[in-house]
Structure formats: C-alpha cells, structure tokens
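# Notes for the structure review
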Amino acid sequence: LPLCFPQKLWKMLESDQFQSIWWSEGGRCVAINKDLFKVEVLGRGVRQQVFNTRHIKSVIRQLNLYGFTKVQRDIQRSASLPEFLSEETAVSAHSQILYYYNPSFNRAHPWLLGTCKRR
C-alpha cells in the first residue's frame, strides 16, 4: 500500500537522505527550507519522486489538510542601524525556513501518527 502524506513526511524526517527538512523544537515541529526543498525533494525525477507534485504550494496545502499549522518565528532585532543591517542576511536566510506544527505529529510519540487524518 502506498504511504499517506503524514507517513511520507515522517519517513523523510527520520531519513538522513534529506537536508531540506528536519525536526525542530525538540521533535514537535517540522522545519522546511523552502528553496532547498524545491530542488532536493520536488526537483527529483518521476522515478524518485516523494510526493506527486513539483510545487511547494501543493505540499503546504497537504500540510494544512492534515491539520498542520504554520508557526511564526520572531527574531529579536537590534536597535542600532549597523547591527540591524548586518542581521538582514541572517533574517532573509531564516525567512526561507517554514515551521509547521501538528499535535498528532511528534517525534517522541510515533504512535500518534495514526491519528493524523485528512480533514
């Protein structure tokens, strides 16, 4: 039987094959580097495809359908202009990373994966 979306996602997170997606927040969130994910996962040939899409928006739609919510990350910014400007590079790199949370998708509780149902 083919794996459902949450199962595929779990296998990717547990694999050392992917650098564009990882567990965050101690295994409670999924972190995705958008640009790297597009190349590494969605840019694969048909025989090696993980998901049946080549678009990040489709993956995000699946996350939402399975009850994942986007987590906003606030970065503390410096008040001084030179420090603020030097932080811009880090902030723009950080903005490429998406964080998603689902209470039923937790690395420490793999048995909850079965409760991760499509809405």
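What counts and how
- Residues numbered from 1 in each chain as written.
- Predicted model: local features only at pLDDT ≥ 70, side-chain atom pairs only at ≥ 80, totals over all residues.
- Heavy atoms only, no water.
- UniProt positions renumbered as here; feature names shortened; annotations may be inferred.
- Buried < 20%, exposed > 50% of the residue type's maximum accessible area, 1.4 Å probe, protein only.
- Helix = DSSP H or I, 4+ residues; strand = E, 2+ residues; numbered from the N terminus.
- Pairing = 2+ DSSP bridges.

The protein carries the name HSFY1 protein in an unreviewed UniProt entry, which gives Cnemophilus loriae as its organism. UniProt lists a comment for the protein under the heading Sequence similarities (unreviewed entry), and it reads "Belongs to the HSF family." Annotation of the protein in UniProt includes, under Subcellular location (unreviewed entry), the sentence "Nucleus".

Looking now at the pairing of strand β2 (residues 29-33). Buried residues dominate β2, accounting for four of its five residues. Direction of pairing for β2 relative to strand β4 (residues 97-101): antiparallel, over a ladder of five bridges. By the bridge assignment for β4, Ile-32 is matched with Leu-98.

Turning next to the sheet that holds β2. The antiparallel open sheet is built from four strands, whose spatial order is β1-β2-β4-β3. A strand with exactly one partner marks an edge of an open sheet, and here the two such strands are β1 (21-24) and β3 (69-70).

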